Amino acid sequence: MRLPPRRHLAAALLLAVCSHTAFATTTHVPQQQVPGVYHQQIGELQVTALFDGTVALGRQELVGIDAGAVTRLLDHRYVPEDSKGLQTAVNAYLVQRGNRLTLVDTGTAKCFGPGLGQVLGNLRAAGYAPSDVDDVLLTHAHPDHLCGLLDAQGKAAFPNATVWLSHADAAYWLDPASEASAPQGLRFAFKLARDAVAPYEAAGTLRRFGTQDPLPTGIRALDSHGHTPGHVSYRIDSGAGQPLLVWGDVVHFHAVQFAQPDAAYEADSDRNAAIASRRRMMAEAADNGWWVAGAHLPFPGLGHVRRQDGAFAWVPAEFMPLTP
Ligand SMILES: [Zn+2]
């Protein structure tokens, strides 16, 4: 069949573009990924997701769900997996409102070895200076969230920031007595927590808070304990639009836990509380249309939650140019 002349021209142009692209790219092999930075405007907030790296979580670390159900849920999700486990992103979030900068979580810095610890570099790549950060909000005191409080020299990475940590997590993770009674596999995290907050504690800029206490303007801490004793999620007002819920570690296995929120993570300090918090945060986000940012959702980990089949599903944000 002959193409009408216009279609003919379009097809010829497309072919020309394709062959040109193929020719032009044969000599270029990317040596590294683009910076792990993603911007999202949410109302008055300029949100920047900062990639720290990935960790591997074994599917056997899911508890309260049988292996067959895990396999069925993971089928056709294409989560990268190797002998160490399922690829799991580590993300932090910088939120700018006017000239005020708030960082939620800080990544692993040197605590988890090479390949991670990229938050500080990515923050700079996004055009921000660490010394300009006004507040650092910690969702909890695990090393993948607070080790980044320190720079490569072990000094305060955010020298002008107030660091916010819940009373309950501070009481647990900064206390040598709780270290002695903790499960063996978790003990390494206590010294890392004490070291990470030390320069801020010494400077008087570590603030312990309860969920009813005032936080920086426009920000509320929502109790989402269970993964740790004092885990919190932060709801950040965006002005006229929907708020942003930076929920921390409400989900570790996105391909499983949206559909099966009752599947817990072995490392949760109180699995039943973690399940209840996950259900509560997902329901709040889904029923109110809140934006969500998740520390272990696939980068950039920004999007929405919807209800599906009696449980939930993740709706990743769509790429959107920034309005000038
Ligand atoms: Zn985490």
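As a starting point, this report considers the structure included with it.

Reading guide: rules and limits
Residues numbered from 1 in each chain as written. Predicted model: local features only at pLDDT ≥ 70, side-chain atom pairs only at ≥ 80, totals over all residues. Heavy atoms only, no water. Helix = DSSP H or I, 4+ residues; strand = E, 2+ residues; numbered from the N terminus. Rg over C-alpha atoms; globule rule 2.2 N^0.38 Å. Contact = heavy atoms within 4.5 Å. Areas by Shrake-Rupley, 256 points an atom, 1.4 Å probe, with all protein chains shown as cover. Lys, Arg positive; Asp, Glu negative; His and termini not counted. Charge placed at Lys NZ, Arg CZ, Asp CG, Glu CD. Salt bridge = Lys/Arg side-chain N within 4 Å of Asp/Glu carboxyl O. Buried < 20%, exposed > 50% of the residue type's maximum accessible area, 1.4 Å probe, protein only. Donors = N, O, S within 2.8 Å, 3.2 Å for Na, K, Ca; no water. Tetrahedral: all angles 85-135°; square planar, octahedral: opposite > 155°, others 65-115°. Pairing = 2+ DSSP bridges. Axes fitted to C-alpha atoms, helices over the stretch in contact; angles between N-to-C directions. Polar contact = N/O pair within 3.5 Å; in protein donor to acceptor, adjacent residues only side chain to side chain. Expected span 1.5 Å × (residues − 1). Bend = angle between axes of the 7 residues up to and from the residue.

1. Regarding the overall build of the protein
Along its length, the protein carries 9 helices and 16 strands. Relative to the 2.2 N^0.38 estimate, which gives 20 Å for 324 residues, the radius of gyration of the protein is 22 Å and therefore close to what a compact globule would have. Reported as C-alpha extents along the three principal axes, the dimensions of the protein are approximately 80 × 50 × 40 Å. Pairs at least 24 apart in sequence give 68% of the contacts found in the protein among residues at least 6 apart. Total accessible area on the protein stands at roughly 16,100 Å², and carbon and sulfur atoms take up 55% of it. Computed over 25 positive and 30 negative side-chain charges, the inter-centroid distance for the protein is 6 Å.

2. Remarks on the pattern of salt bridges
Applying the stated criterion to the full structure yields 8 salt bridges. For Glu 44, the salt bridge goes to Arg 97, with nearest N and O atoms at 3.7 Å. Here Arg 97 lies in strand 5 (residues 85–97) and Glu 44 lies in the loop between strand 1 (37–42) and strand 2 (45–57), a separation of 53 residues in the sequence. On the basis of relative accessible area, Arg 97 is assigned to the partly exposed category, the value being 26%. Ionic pairing is found between Arg 208 and Glu 201, a salt bridge with its closest N-O pair at 3.1 Å. Classification of Glu 201 by relative accessible area gives partly exposed; the value is 36%.

3. Here's the deal with the coordination of the zinc ion
Looking at the zinc ion, the protein donor atoms are Asp 144 (OD), His 145 (NE2), Asp 249 (OD) and His 296 (NE2), and they sit 2.1 to 2.2 Å from it. Because the angles between the 4 donor atoms bound to the zinc ion fall within 89 to 168°, the donor set is best described as irregular. Between consecutive donors of the zinc ion, the numbers of intervening residues give the motif D-H-x103-D-x46-H. Of this pair, Asp 144 sits in helix 4 (residues 143–146) while His 296 sits in the loop between strand 14 (291–294) and strand 15 (302–308), and the two are 152 residues apart along the sequence. Each member of the pair, Asp 144 as well as His 296, is classed as buried.

4. Describing the sheet that holds strand 10 (residues 219–223)
Read from one edge to the other, the open sheet built from 6 strands follows the order 10-11-12-14-15-16, with strand pairing classed as mixed. Whereas interior strands pair on both sides, the edge strands pair on one side only; in this sheet they are strand 10 and strand 16 (311–316). Within this sheet the neighbouring strands show an average axis-to-axis angle of 35°, counted without direction. Note: strand 11 (residues 232–236) against strand 12 (residues 244–248), 3 bridges, orientation antiparallel. The residue of strand 12 that forms the bridge with Tyr 234 is Val 246.

5. Details of the environment of Val 136
You can see Val 136 is positioned in strand 7 (residues 135–137). Each C-alpha atom, one on Val 136 and one on Ala 285, is 23 Å from the other, the two residues being 149 residues apart in sequence.

6. Concerning the pairing of strand 12
Among the 5 residues in strand 12, 5 count as buried, and that is most of the element. Because side chains alternate across strand 12, one face comprises the buried residues Leu 244, Val 246 and Gly 248, and the other comprises Leu 245 and Trp 247, equally buried. The pairing of strand 12 with strand 14 spans 4 bridges and is parallel. Across the sheet, the residue bridging to Leu 245 is Val 292, located in strand 14.

7. Looking at the side chain of Gln 257
With respect to the helices and strands, the residue Gln 257 is situated in helix 8 (residues 254–257). Given a relative accessible area of 0%, Gln 257 falls into the buried group. For Gln 257, the side chain forms a polar contact with the main-chain nitrogen of His 252, separated by 2.8 Å. Look past the residues within four positions of Gln 257 in its chain and what remains in contact with it is Leu 62, Val 251, His 252, Ala 263, Ala 264, Tyr 265, Arg 278 and Met 282.

8. Points about helix 9 (residues 271–288)
Spanning 18 residues, helix 9 covers 26 Å between terminal C-alpha atoms, matching the ideal 26 Å at 1.5 Å per step. Those residues of helix 9 not exposed but buried are Ala 273, Ala 274, Ile 275, Ser 277, Arg 278, Met 281, Met 282, Ala 283, Ala 285 and Ala 286. Capping the start of helix 9 is the job of one residue whose side-chain oxygen sits 3.3 Å from the backbone nitrogen of Asn 272: Asp 270. Just downstream of helix 9, Gly 289 is the residue with a positive phi angle, here 70°.

9. Remarks on the pairing of strand 1
Direction of pairing for strand 1 relative to strand 2: antiparallel, over a ladder of 6 bridges. Residue pairing across strands places Gln 41 opposite Gln 46, the latter belonging to strand 2. Connecting strand 1 to the antiparallel partner strand 2 that follows it, the hairpin turn spans 2 residues, and Gly 43 within it adopts a positive phi of roughly 55°.

10. As for helix 7 (residues 188–203)
At Val 197, helix 7 shows its largest bend, some 45°, and a proline, Pro 199, comes one to four positions later. Tucked inside the fold, the buried residues of helix 7 contact helix 4, strand 8 (162–166), helix 5 (167–173), helix 6 (176–181) and strand 9 (206–209). Gly 204 occupies a position one or two residues after helix 7 and carries a positive phi of about 75°.

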